[in-house]
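An overview of the molecular structure
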Amino acid sequence: MMLPGRRTVSVFLMPMAVLAAPYAVQADMQGDEAAIGLAHKMIEAMGGHKVWSDAVWMHVKERSFAPNQPKALAHEAWRGLQVKQARYSTKNDDVSYEQAWNEDAGWRVLNGDYLPFDEERHGQETDFWHREIYTMYHRFAVGDADLRLTSTGDRAFRVEHAETGDPLGTFSISAEGGVLVWSSGSTDDDVTYVYGPLKSFGEISLPAWGAQTNGGWRFNYLEATLHDSPMSEETVTP
C-alpha cells in the first residue's frame, strides 16, 4: 500500500550523464499579458528567473503529514526539473517508504518490500511530471513557448499546452507574489493545494507550508535547494 494524498511520493533510478534540457529558453510563453505577468512575478518573488531556469534538479526536506499516519513524517525529495526523474523518501517510526522513477522505469519499497512499477503506474508518474508544480516553476522561468497562460481572475490564471489545449494547471498568486492555490489541471487525477506565505531558503523562496484541500498530504518545508548540475549516481541509486 502507498501513503495516500501525496501525488508525487515517488522516486527514480537512473545513471546520470549529461542532461539535455527539453525546455530550452524560447521566445516566451503564449497567452494574455496579465497572466504571463503574474507567472513572471511569482518566479521573481521565489528567487528569480536565472536560478529557476538554470536549475537541473531540486532537493527538499519536509516535515509532513498523511491521513493514515498519526506521527509526522520525514520526507525528502530529489526532483528533476529538466528531465523526467524523481526520488522520494518518507519515514517515521512506523513506516519506511521510498520510490524512484525515470523516463524508462520505476520502483517503490514499502517497509522493505520491493515492487517495480507496472506500465500504468510508470505512465502516471511520467505523464504528471509535465504539470507538476516544481516542473512548472522551471517552465515559467525559461519562458516555455509550449505554455499558454490565460487569466481567470485578478490574481489567477490557467495553464494549457499551447498546441493541444491540454490542461496543465491553475494558479492563484498572493499579493507578495507567491503561489496561493495550485491545481494540477488533470481531469483524471486532479490535486489542489493551498500554500502559506513565502519563506526564504537561501537563494530561493518557497511557501512555508502547503496542504491538499481534500485533507490529504500537508507539509512544512525545512530545507530547499536548486542545483544547476546533474545529480550524482550516488544520490539517485539505492
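Please refer to the structure higher up on the page.
Residues numbered from 1 in each chain as written. Predicted model: local features only at pLDDT ≥ 70, side-chain atom pairs only at ≥ 80, totals over all residues. Heavy atoms only, no water.

1. A word on helix α4 (residues 133-142)
In terms of residue burial, α4 counts as a mostly covered element, since 10 of its 10 residues are buried. If you check which residues of α4 are buried, you get I133, Y134, T135, M136, Y137, H138, R139, F140, A141 and V142. A distance of 2.9 Å separates the backbone nitrogen of Y134 from a side-chain oxygen at the start of α4, and that oxygen is part of E132. G143 occupies a position one or two residues after α4 and carries a positive phi of about 70 degrees. (Buried < 20%, exposed > 50% of the residue type's maximum accessible area, 1.4 Å probe, protein only. Helix = DSSP H or I, 4+ residues; strand = E, 2+ residues; numbered from the N terminus. Polar contact = N/O pair within 3.5 Å; in protein donor to acceptor, adjacent residues only side chain to side chain.)

2. Brief notes about the pairing of strand β9 (residues 156-161)
When strand β8 (residues 147-153) meets β9, the two strands line up antiparallel, connected through six bridges. Opposite L147, over in β9, you have H161 as the bridge partner. Counted along the chain from β9 to the antiparallel partner strand β10 (residues 167-173), the turn is five residues long, and its residue G165 has a positive phi close to 80 degrees. (Pairing = 2+ DSSP bridges.)

3. With respect to helix α3 (residues 119-129)
Listing the buried residues of α3 in full gives R121, H122, G123, E125, T126, F128 and W129. The secondary structure elements touched by the buried residues of α3 are β3 (69-80), β4 (85-91), β5 (96-102), β6 (106-110), α4 and β11 (179-183). (Contact = heavy atoms within 4.5 Å.)

4. Quick word on the environment of K91
The residue K91 is located in strand β4 in this model. For the pair K91 and K71, spaced 20 residues apart in sequence, the C-alpha separation works out to 9.8 Å. Those residues in contact with K91 that sit more than four places away from it in its chain are A72, L73, A74, S96 and Y97.

5. Considering the environment of K84
Among the secondary structure elements, K84 is positioned in the loop between β3 and β4. You can call K84 buried: its relative accessible area is 18%. In this structure, the C-alpha to C-alpha distance between K84 and N102, residues 18 residues apart in sequence, is 5.6 Å.

6. Some remarks on the pattern of salt bridges
For the structure shown, the criterion picks out nine salt bridges. Between K71 and D93 there is a salt bridge, and its shortest N-O distance comes to 4.0 Å. Of this pair, K71 sits in strand β3 while D93 sits in the loop between β4 and β5, placing them 22 residues apart in sequence. For K71, a relative accessible area of 36% gives the class partly exposed. Relative accessible area serves as the criterion here: at 70%, D93 is assigned to the exposed category. In this structure, the salt-bridge partner of R158 is E160, at a minimum N-O distance of 3.2 Å. Taken together, the shared-partner salt bridges in this structure form one network comprising K71, D93 and D94. (Salt bridge = Lys/Arg side-chain N within 4 Å of Asp/Glu carboxyl O.)

What is shown is where atoms sit, not what they do.
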